[in-house]
Amino acid sequence: MTTELHPLLERIASALERLSPPPPTLAGLEEADAFVWQPERGRLMPVAQVAHVPIALIQGVDSQRDQLLENTRHFARGLPANNAMLWGSRGMGKSSLVKACHAAVNDGRPAAGPVVLVEIEREDLATLPELLALLRGSARRFIVFCDDLSFEREDRDYKALKSVLDGGIAGRPENVLFYATSNRRHLMPRDMIDNERSTAINPGEAVEEKVSLSDRFGLWLGFHACSQDVYFDMVRAYAKERGLEIADDDLCRRANAWAITRGNRSGRVAVQFTDDLAASLQPG
């Protein structure tokens, strides 16, 4: 009987080892300056080439650009810097600005070495403490970036992020910043906040708990729908960068017609229009 059980126990142990995630590792950290966090594998997957636009092409958000760039430069130099939340209208360059600032700072060759950009998916936020504990052991400096952050309900992910921003008992690692983008000002849908206000015994405290997460970000940058003039400036910048030969009045007329069909004006719409225009101007 004992002889029969021994192979079975070995197979069970092997199966459990395969199911258990490997211990987190910083192996391969010198391979790149950008990574995607893969908690199920306990590792950072290198990204050889980050998809970003030159920071000079990001139009209509000059104040937000300058503040985020300065904050990132401070961090790269080892100076105090703030976690940053970029919130507001879709397509206005929130995530593009994060990646552009990362590239611009590294182009300046910081003395402490290139800053590392680490992307974390929204559904992996519960593993943030594990990721930060891993990064704490490195001499490099990291910006952990979560794109399109929002919450539908107060769950463990919400608590995990709040704890990280507060620093927790261990404190936020000195070599890590957290940048996030969201279409929502307070990361929560309005009906969720209103529901708390109407059903809570102490509505003021309940609402404060819901919106307090955004207060944990020291740098809070709003992005709003752009005017027609700013939209035209965006289109001009992208057309010039691509070397498109077209008269300005014709460019603006066609860009305006494109925006009308999309129902709004934004940086994303300007890029989409320029892609279409570049193709239409090709001979043949």
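Per an unreviewed UniProt entry, the protein goes by DUF815 domain-containing protein and derives from Acetobacter musti.

Colleague: Residues and numbers for the packing of helix H2 (residues 62-76) against helix H3 (residues 94-107), please.
Modeller: Their axes nearest at 9 Å, the elements H2 and H3 cross at an angle of 45°. If you check the angle between H2 and H3, you find them oblique. Here H2 and H3 pass one another in a crossing that is right-handed. Two secondary-structure elements touch here, H2 through Gln64, Arg65, Leu68, Leu69, Thr72, Arg73 and Ala76 and H3 through Leu97, Val98, Cys101, Ala104 and Val105. Tallied by class, the residues present in the contact of H2 with H3 amount to eight nonpolar, two polar and two charged.

Colleague: Explain helix H8 (residues 228-242) to me, and be specific about the residues and the numbers.
Modeller: Under the 1.5 Å per step criterion, the end-to-end length of H8 is 21 Å for 15 residues, consistent within 8% with the ideal 21 Å. Buried residues of H8: Tyr231, Phe232, Met234, Val235, Ala237, Tyr238 and Ala239, and no others. The inward-facing, buried residues of H8 abut helix H9 (248-262) and helix H10 (267-280). Gly243 occupies a position one or two residues after H8 and carries a positive phi of about 70°.

Colleague: An account of the side chain of Ser138 is needed here, citing residue identities and associated values.
Modeller: Its place among the elements puts Ser138 in the loop between helix H4 (128-135) and strand E5 (142-146). There is a polar contact of 3.0 Å between the side chain of Ser138 and the backbone nitrogen of Arg140. Sequence-distant contacts of Ser138, that is, excluding residues within four places in its chain, are made with Leu26, Leu29 and Asn175.

Colleague: Tell me about the packing of aromatic side chains, and please be specific about residues and values.
Modeller: Each aromatic ring pair is specified by the distance between its two centres and by the angle formed by the two planes. Inspection of every chain in the model, using the stated rule, returns four aromatic pairs. Seen from their ring centres, Trp87 and Trp220 are 6.0 Å apart, and the 40° between their planes marks the pair as tilted. Here Trp87 is found in strand E3 (residues 84-88), whereas its partner Trp220 is found in strand E7 (residues 219-223), with 133 residues between them in sequence. For Trp87, a relative accessible area of 16% puts it in the buried group. We classify Trp220 as partly exposed; its relative accessible area is 31%. Directly above the ring of Phe75 sits Arg141, whose terminal nitrogen or CZ lies 4.4 Å from the centroid.

Colleague: Run through the pairing of E5, naming residues and quoting values.
Modeller: Most of E5 sits out of view: five of its five residues are buried. What you see with E5 is no split at all: Phe142, Val144 and Cys146 on one side and Ile143 and Phe145 on the other are buried throughout. Taken together, the four bridges between strand E4 (residues 116-119) and E5 define a ladder with parallel strand orientation. Bridge assignment links Leu117 to a residue of E5, and that residue is Ile143. Regarding topology, H4 serves as the crossover connection from E4 to the parallel E5, and that connection is right-handed. Pairing geometry for E5 and strand E6 (residues 176-182), over five bridges, is parallel. Opposite Phe145, over in E6, you have Tyr179 as the bridge partner.

The rules behind each value
- Residues numbered from 1 in each chain as written.
- Predicted model: local features only at pLDDT ≥ 70, side-chain atom pairs only at ≥ 80, totals over all residues.
- Heavy atoms only, no water.
- Axes fitted to C-alpha atoms, helices over the stretch in contact; angles between N-to-C directions.
- Helix = DSSP H or I, 4+ residues; strand = E, 2+ residues; numbered from the N terminus.
- Parallel < 35°, antiparallel > 145°, perpendicular 65-115°, else oblique.
- Left-handed = near helix turned anticlockwise from the far one by under 90°.
- Contact = heavy atoms within 4.5 Å.
- Nonpolar A, V, L, I, M, F, W, Y, C, P; charged D, E, K, R; others polar.
- Expected span 1.5 Å × (residues − 1).
- Buried < 20%, exposed > 50% of the residue type's maximum accessible area, 1.4 Å probe, protein only.
- Polar contact = N/O pair within 3.5 Å; in protein donor to acceptor, adjacent residues only side chain to side chain.
- Phe/Tyr/Trp six-rings, centres within 6.5 Å; stacked < 30°, edge-to-face > 60°.
- Lys NZ or Arg CZ within 6 Å of the ring centre and 35° of its normal.
- Pairing = 2+ DSSP bridges.
- Right-handed = clockwise from strand over helix to strand, strands pointing away.

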